[in-house]
Amino acid sequence: MSAKRLPRVEDLREGRVPWLTPPILAAALLAMFAGAAQFGFTAIAADVAAEFGQPMPEDPDDPLAQVGLALTTLGIGFAIVRLAALASLPASALADRFGRRRTLVAFAGLGLLATALAGAAPTFWVLVALLAVSRPLLTGTNAVAAVVAAEETDSGARTAAIAVVGGAYAVGSGVISVVRGLVDPLVGFRGVLALVVVPLLLLPLVARRVSEPPRYARVRSAGVARRRLGAVPRGYRRRLGLLCVITVGVGLIIGPTWTYLFVYGEGVLGVEPLGMGALVLAAGPTGLAGLLLGRWAADTLGRRVVAAATMVLGAAAAVLAYSAQTPSLVVGYLGSIVAMSAYTPSGGALDAEVFPTSVRATAAGWLAASSVLGSVVGLVAFGLLIDAAGSFAPAALAVCGPAGLLAVLYAWLPETRGRELEQTAPEPEA
């Protein structure tokens, strides 16, 4: 089937901001719900350990005794929940078979429900199992929401729409983290997880505004052959392989940099908790500035150069953050927020624009799984290198430095700025 049979989006009404249409806003809200529910096992780890741990030994000053649950057990739980997100690959691929709307709403609903049920878990391993079920569904929600944003817009509005979805996911994560700080001392982790009931109740209202993107509807009605779950056409496998490697690199940068922030800031540099809280709070407007800058740059300079440059800058900022000085931590952490936020519009747009509509969600699933893999590998490698070197700085350089160099692979991908989806990735002949 040729690209000529797939006309451009026709439902962008005159006078309407093309990246703030109801379907895009609804997809962004679902991404925000997913971010709120997926705020991380680590955020409630201390309360979980205290709830399910054994009574403290005789020495109350032993820091390990204060944890409550064996660190090995807690670590295994972390790993299971994180690795469960790899299942977002087959989950996201379902959107190419059953439609964007149906898959997006189902993922959001089931993911939120599993998270809410985790608040009533009777044992630690039941909690881990429920969060492991919710993780790929919520990751898939965010991935398919980005696909909807890409398919609902033309080239000029696509980076803005993807920035809206990415920003909404970040807002959801940030809001639930702030709310947790307010209510956690009163209700514990169970009450925090129960807050997910709020977006779950709002889901039917938001779902009414989610519609099937015209591009996907046309491809579906044209009778494009269904492929094996997770498969992409031969002509697009090289693009997918390159982007998967790049996305692993992004995960290597983001995973350790943002996860070890409090451990390093408070435990190594001695920054007061209030100061660390202010740093995280500053990440909000900083990230928004990065999204706006990245959107402008991607539409002005091109997707490839901006994605590559911001990825390198993000890696450099991560190395700076762990260079053993408090000012470096502040500048490096906020610099990484700006860089990786600016990466989102260009990298996200390119991820969507180099694949045909019939497998775009499948490709998004591959990339989501690659991001998870990179984050997990980065966390493990970072921890091992810290133990071996006795310092954070060499670990950051060894993990984030090479990861940033993977940005050179963008040179082997096509530039998609100013071109429509059907031009950059036509449907292969049946």
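Preceding this paragraph is the structure being described.
Residues numbered from 1 in each chain as written. Predicted model: local features only at pLDDT ≥ 70, side-chain atom pairs only at ≥ 80, totals over all residues. Heavy atoms only, no water.

(A) Spotlight on the overall build of the protein chain. A count of helical and extended segments in the protein chain gives 18 helices and zero strands. Classification of the 430 residues of the protein chain by burial places 51% in the buried group. A sequence separation of at least 24 residues applies to 84% of the contacts in the protein chain between residues at least 6 apart. For the protein chain, the exposed surface amounts to about 18,300 Å²; the carbon and sulfur share of it is 67%. (Helix = DSSP H or I, 4+ residues; strand = E, 2+ residues; numbered from the N terminus. Buried < 20%, exposed > 50% of the residue type's maximum accessible area, 1.4 Å probe, protein only. Contact = heavy atoms within 4.5 Å. Areas by Shrake-Rupley, 256 points an atom, 1.4 Å probe, with all protein chains shown as cover.)

(B) Region of interest: the packing of aromatic side chains. A complete count under the given rule lists eight aromatic pairs for this structure. Between tyrosine 260 and phenylalanine 392 the ring centres are 6.3 Å apart and the planes differ by 75 degrees, which places this aromatic pair in the edge-to-face class. With tyrosine 260 in the loop between helix H11 (237-259) and helix H12 (261-267) and phenylalanine 392 in helix H17 (residues 392-405), the pair connects residues that are 132 residues apart, well separated along the chain. The residues tyrosine 260 and phenylalanine 392 share a single accessibility class, namely buried. Ring plane angle 10 degrees and centroid distance 5.8 Å describe the contact between tyrosine 322 and phenylalanine 392, whose orientation is recorded as stacked. Of this pair, tyrosine 322 sits in the loop between helix H14 (303-321) and helix H15 (326-353) while phenylalanine 392 sits in helix H17, and the two are 70 residues apart along the sequence. Each member of the pair, tyrosine 322 together with phenylalanine 392, is buried. (Phe/Tyr/Trp six-rings, centres within 6.5 Å; stacked < 30°, edge-to-face > 60°.)

(C) Looking closely at the packing of H11 against H15. Two elements in contact, H11 and H15, have axes separated by 12 Å at closest approach and are oriented at 155 degrees. Overall, the two elements H11 and H15 adopt an arrangement that is roughly antiparallel. The handedness of the crossing between H11 and H15 is left-handed. When H11 is examined against H15, the residues Leu243, Ile246, Val250, Ile254, Thr257 and Trp258 are found in contact with a partner set consisting of Tyr333, Ser336, Ile337, Met340, Tyr343 and Asp351. Taken together, the residues that form the contact of H11 with H15 break down as nine nonpolar, two polar and one charged. (Axes fitted to C-alpha atoms, helices over the stretch in contact; angles between N-to-C directions. Parallel < 35°, antiparallel > 145°, perpendicular 65-115°, else oblique. Left-handed = near helix turned anticlockwise from the far one by under 90°. Nonpolar A, V, L, I, M, F, W, Y, C, P; charged D, E, K, R; others polar.)

(D) Seen up close, a nonpolar patch on the surface. On the surface, Leu83, Leu86, Leu373 and Val377 cluster together into a nonpolar patch covering about 290 Å² of accessible area. Tracing the backbone through its elements, the reader meets leucine 83 in helix H4 (residues 71-84). (Patch = residues over 30% accessible without salt bridge, like charges linked within 9 Å, V, L, I, M, F, W, Y side chains within 5 Å. Salt bridge = Lys/Arg side-chain N within 4 Å of Asp/Glu carboxyl O.)

(E) Structural view of the pattern of salt bridges. Inspection of every chain in the model, using the stated rule, returns eleven salt bridges. A salt bridge links glutamate 422 to arginine 215; the shortest N-O distance between them is 2.7 Å. With glutamate 422 in helix H18 (residues 421-424) and arginine 215 in helix H10 (residues 214-221), the pair connects residues that are 207 residues apart, well separated along the chain. The same class applies to glutamate 422 and to arginine 215, which are both buried. Taking the shortest distance from any N to any O, the salt bridge between arginine 303 and aspartate 299 comes out at 2.7 Å. Residue classification places aspartate 299 among the partly exposed residues on the basis of a relative accessible area of 22%. Put simply, Arg158, Arg215, Arg295, Asp299, Arg303, Glu353, Glu420 and Glu422 are held in one network by salt bridges that share partners.

(F) Spatial organisation of the nonpolar core. The biggest cluster of nonpolar side chains holds 50 residues, and the ones touching the most others in it are Leu243, Ile246, Met311, Tyr322, Tyr343, Phe382 and Tyr410. Where this core is concerned, the elements lending two or more residues are H11, H12, helix H13 (273-300), H14, H15, helix H16 (360-389) and H17. Beyond its immediate sequence surroundings of up to four residues, isoleucine 246 is in contact with Met311, Tyr343, Leu406, Leu409, Tyr410 and Leu413. (Core = buried A, V, L, I, M, F, W, Y, C linked by side-chain atoms within 4.5 Å.)

(G) Focus on the side chain of serine 88. Structurally, the position occupied by serine 88 is in helix H5 (residues 88-98). A residue is classified by how much of its surface remains accessible, and serine 88, at 0% relative accessible area, is buried. Those residues within four positions of serine 88 in sequence are excluded, and the remaining contacts are Pro136, Thr139, Gly140, Gly365, Ala368 and Ala369.

(H) How the structure looks around the packing of H11 against H14. The interhelical angle for the contact between H11 and H14, taken along N-to-C directions, is 30 degrees, at an axis separation of 10 Å. Accordingly, the angle class assigned to the pair H11 and H14 is roughly parallel. Pair H11 / H14 crosses with left-handed handedness. Counted together, Ile246, Gly249, Val250, Ile253 and Thr257 of H11 and Met311, Gly314, Ala315 and Ala318 of H14 form the full contact between these two elements. Partitioned by chemical class, the residues of the contact of H11 with H14 number six nonpolar, three polar and no charged.

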